[in-house]
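Chain and residue survey
Below are the chains, spelled out letter by letter.
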Amino acid sequence: MLKSITLRMISAPLKQPFYNALGTLTEREAIIIEVKDQNGISGWGEVVAFSSPWYTEETIKTCYYVLKEYLIPALHQELKHPHNLQKIFATVRGHYMAKSGLECAFWDLYSKQQKQPLYKLFGGSREEVEAGVVIASNDVKKALQQIEVYQAEGYKRYKVKVSPHNAIEYISAIRKEYEDLPLMVDANSSFALDNQELFRRLDDFHLMMIEQPLEHDDLLLHSELQKQLKTPICLDESITSFNMAKNAIALQSAKILCVKMGRVGGWSQALAIHNYSMQHDIPLWCGGMIEFGISRAHNLALATLDGFTIPGDISSSSRFWEEDIVEPELTVVNGKVKVSAEIGIGCQINWTVLNKLTNYIETFPLK
Ligand SMILES: [Mg+2]
């Protein structure tokens, strides 16, 4: 039997600004969701929407509103299995990040009730996961310095945030120093199909992939572009649901997909994308949202599944935060993260840090 759901609004400054083609981030808000049962066991989820709608339509405030007014009132004490949430959530169209935060909390609770590590519930088999890192700098020299630091930590994949104005400058400078670095670019939809010269030059840098070059909702244009490129396209922003992933694969809009649990609506949709992509030989990697430790722990569990064959955005907690809200913090050692053998998401709440970052709390008893 379930007892209550608590929503906490938290915020923390990033250790250094995060630059990309869409904007600059210096501060991060999130909603931390705790679902408690009658035995005092808690499951944890995190809403990864940003404060404003620069990346997706949802924001922290729209998520809070939808959780409070629609998703939480639709729940009841007798909810037996997290699988049942999809049907309940179907009464609300979209709002995937709000749904994902809540669904993740239920899966964590369920796996703790079953006394199992979360990743094992889904057939995850890896005991360690290879980690990639994002270079999001406004200066080539700083980007090169960051790569040097992350190389020392052994990261397995380097993603550089670029725009049409700086892509060639950044990538040629990096390739000059690191000929064989597992390197990719993320354009965050800032390129245009008619920029032939840009694509021709990028195609010669033997990149692992070009992530989301064109508009976030245009699968046809990406399909057209992929026909012209040697380099695989990876879709990120376009993959907002299982159906979008299916459509992208059918249209051959990409050869690789980035799965973000929050953007696709949680575990059920992420698993559906995983299984379908495996059937169609589309490699996956797990994307990051500059998140806190709870979301990182769910991502890590997702990345243990067989279809996630490319290192994801699974960097150390210390990449963004002075202190994370979980313990132990997620740590990359020699480019890998060990998956915890503990039940649930495999980490505990660091109450000192969580309380320090909390701006607002509301608890909803379940009837
Ligand atoms: Mg991206």
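Shown above is the structure to which this text applies.
Now for a quick tour of the structure. (Residues numbered from 1 in each chain as written. Predicted model: local features only at pLDDT ≥ 70, side-chain atom pairs only at ≥ 80, totals over all residues. Heavy atoms only, no water.)

Enumeration over the complete set of coordinates arrives at two cavities of 30 Å³ or more. Of the volumes computed, that of the largest cavity is approximately 210 Å³. The wall of the largest cavity is formed by 20 residues, among which Phe-18, Gly-288, Met-289, Ile-290 and Asp-313 lie closest to the centre. Broken down by secondary-structure element, the contributors of at least two residues to the lining of the largest cavity are strand 1 (2-20), strand 5 (132-135) and strand 6 (157-161). Broken down by element, the lining of the largest cavity gets its largest block of residues, three residues, from strand 5. When its residues are assigned to classes, the lining of the largest cavity shows nine nonpolar, five polar and six charged. Taken domain by domain, the makeup of the lining of the largest cavity includes at least three residues from each of domain 1 (2-116 + 348-365) and domain 2 (120-338). In this structure, the second largest cavity encloses a volume near 100 Å³. (1 Å grid on protein atoms, 1.4 Å probe; cavity = no way out; pocket = protein on both sides within 12 Å on 5 of 7 lines; lining within 4 Å. Points joined across faces, edges and corners; volume = space filled by probe spheres on them. Helix = DSSP H or I, 4+ residues; strand = E, 2+ residues; numbered from the N terminus. Nonpolar A, V, L, I, M, F, W, Y, C, P; charged D, E, K, R; others polar. Domains from an automatic or database assignment.)

Turning our attention to the environment of Ala-341. In this fold, Ala-341 is placed in the loop between strand 13 (336-338) and strand 14 (348-349). When its relative accessible area of 68% is taken as the criterion, Ala-341 is described as exposed. A sequence separation of 214 residues divides Ala-341 from Glu-127, and the C-alpha atoms of the two residues are 8.4 Å apart. (Buried < 20%, exposed > 50% of the residue type's maximum accessible area, 1.4 Å probe, protein only.)

Helix length check: helix 5 (residues 140-152) (13 residues) gives 19 Å between terminal C-alpha atoms against 18 Å at 1.5 Å per residue, within 8%. When helix 5 is considered as a whole, its buried residues turn out to be Val-140, Ala-143, Leu-144, Gln-146, Ile-147 and Tyr-150. Considered in projection along helix 5, the buried side chains sweep an arc of 160° and stay on one side of the axis. When the buried face of helix 5 is taken as reference, the exposed residues oriented beyond 90 degrees from it are Lys-141, Glu-148 and Ala-152. Against the buried residues of helix 5 lie strand 1, strand 5, strand 6 and helix 6 (167-177). Regarding helix 5, its N-cap is Asp-139, as a side-chain oxygen of that residue lies 2.9 Å from the backbone nitrogen of Lys-141 further along. (Expected span 1.5 Å × (residues − 1). Arc of directions from axis to C-beta. Contact = heavy atoms within 4.5 Å. Polar contact = N/O pair within 3.5 Å; in protein donor to acceptor, adjacent residues only side chain to side chain.)

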